[in-house]
Amino acid sequence: MKTPLRHTRYDRVFQLLDGDGDGVVRAVDGDVSVDKLLTEFGVPGDSPKAVRLRDHLAAMFEDFLGPDFRDRAGTREEFHAYMRGHPDRLERMVEVTTGAEFDVADHDDDGVLDRPGVHRMWRAFELTPQDAEAAFEYMDTDRDGRVTRADYVGMWLDFLLVDDEDSPVAKVAGQEGGAGGGHGRP
Ligand SMILES: [Ca+2]
Ligand SMILES: [Ca+2]
């Protein structure tokens, strides 16, 4: 039987969050992901952009794992139940968190990223250049070679929340059915 698409995408998100690949997600996994993004773009860890991204991510982990989230580990099953159970809150949190990610990558603060900028983000996420290309094509709707903050945030909302098996957004973070996970790739 074919796995429903949404289920597969939740798995992809789980893999993205599970930075050390041990099968459970902890707040520290989020810290690791943030550090990779900051390092890729040379953003200091104590800068306002870095603090904002960490705060938003911590809020997501707290919503998922509860007030003692720093001491807890969430399983894949718990994560699926959470994703299914909180679509509205999740949408808002994904919006602010991915917006903060974009701001880290948008080092010149002009509100747009070019193709190489998107590739650098995807590299920091440990996703493939193919994924980055698919994401860029999906986001650059007006084909001007740049993606806006709204393009970026909208893509992740589509990725998380829309059930459309034929949507090209299904290809932006680990081509489904592809070998391996997002992490540990060269
Ligand atoms: Ca920019
Ligand atoms: Ca564009």
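Structure shown above.
Residues numbered from 1 in each chain as written. Chains lettered and ligands numbered in written order. Predicted model: local features only at pLDDT ≥ 70, side-chain atom pairs only at ≥ 80, totals over all residues.

Quick word on the overall build of the chain
- Looking only at helices and strands, the chain has eight helices and four strands in total.
- Each helix and strand of the chain, placed in order from N terminus to C terminus, yields the pattern α-β-α-α-β-α-α-β-α-α-β-α.
- For the chain, whose C-alpha radius of gyration is 15 Å, the value lies close to the compact-globule estimate of 16 Å for 186 residues.
- By its C-alpha atoms, the chain is 45 × 40 × 35 Å across when sized along the principal axes.
- Residues classed as buried in the chain amount to 34% of the 186 residues present.
- Taking contacts inside the chain between residues at least 6 apart in sequence as the whole, the part at least 24 apart equals 64%. (Helix = DSSP H or I, 4+ residues; strand = E, 2+ residues; numbered from the N terminus. Rg over C-alpha atoms; globule rule 2.2 N^0.38 Å. Buried ≥ 20, exposed ≤ 12 C-beta atoms within 10 Å, placed from the backbone. Contact = placed C-beta atoms within 7 Å.)

Observations concerning the packing of helix α7 (residues 129-139) against helix α8 (residues 149-161)
- Contact geometry of α7 with α8 gives a least axis separation of 9 Å together with a crossing angle of 115°. With respect to their mutual orientation, α7 and α8 come out roughly perpendicular. For the crossing formed where α7 meets α8, the hand is right-handed. Residues Ala135, Tyr138 and Met139 of α7 form the contact with α8, whose participating residues are Asp151, Tyr152 and Met155. (Axes fitted to C-alpha atoms, helices over the stretch in contact; angles between N-to-C directions. Parallel < 35°, antiparallel > 145°, perpendicular 65-115°, else oblique. Left-handed = near helix turned anticlockwise from the far one by under 90°.)

Things to note about unusual backbone geometry
- Look at glutamate 126: it is not a glycine, yet its phi comes out positive at around 60°.
- For glutamate 126, the position within the fold is in the loop between α6 (115-124) and α7.
- Look at glutamate 126 and you get buried, because 20 C-beta atoms sit within 10 Å.

Remarks on the packing of helix α5 (residues 87-105) against α8
- Running from amino to carboxyl end, α5 crosses α8 at an angle of 145°, the nearest separation of the two axes being 9 Å. Regarding α5 and α8, the two cross each other, and that crossing is right-handed. Contacts between α5 and α8 involve Pro87, Glu91, Val94, Glu95, Thr98, Gly99 and Phe102 from the first element and Arg149, Tyr152, Val153, Trp156, Leu157, Leu160 and Leu161 from the second.
- Residues that form the contact of α5 with α8 fall into these classes: nine nonpolar, two polar and three charged. (Nonpolar A, V, L, I, M, F, W, Y, C, P; charged D, E, K, R; others polar.)

Considering α6
- Buried residues of α6: Gly117, Val118, Met121, Trp122 and Ala124, and no others. Down the axis of α6, the buried set is contained in an arc of 160°. They therefore lie on one face.
- The inward-facing, buried residues of α6 abut α2 (27-41), α5, β3 (112-114), α7 and β4 (146-148).
- Immediately beyond the C-terminal end of α6, within one or two residues, lies glutamate 126, with a positive phi of roughly 60°. (Arc of directions from axis to C-beta.)

With respect to α2
- In a regular helix each residue adds 1.5 Å, so 15 residues correspond to 21 Å; α2 covers 22 Å between its end C-alpha atoms and thus fits that length.
- Of all the residues in α2, the buried ones are Ala27, Asp29, Gly30, Ser33, Val34 and Leu37. In an axial view of α2, the angular spread of the buried residues amounts to 155°, which keeps them on one side of the axis. Away from its buried face, by an angle of more than 90 degrees, α2 presents the exposed residues Val32 and Thr39.
- Just downstream of α2 lies glycine 42, where phi reads positive at about 60°. (Expected span 1.5 Å × (residues − 1).)

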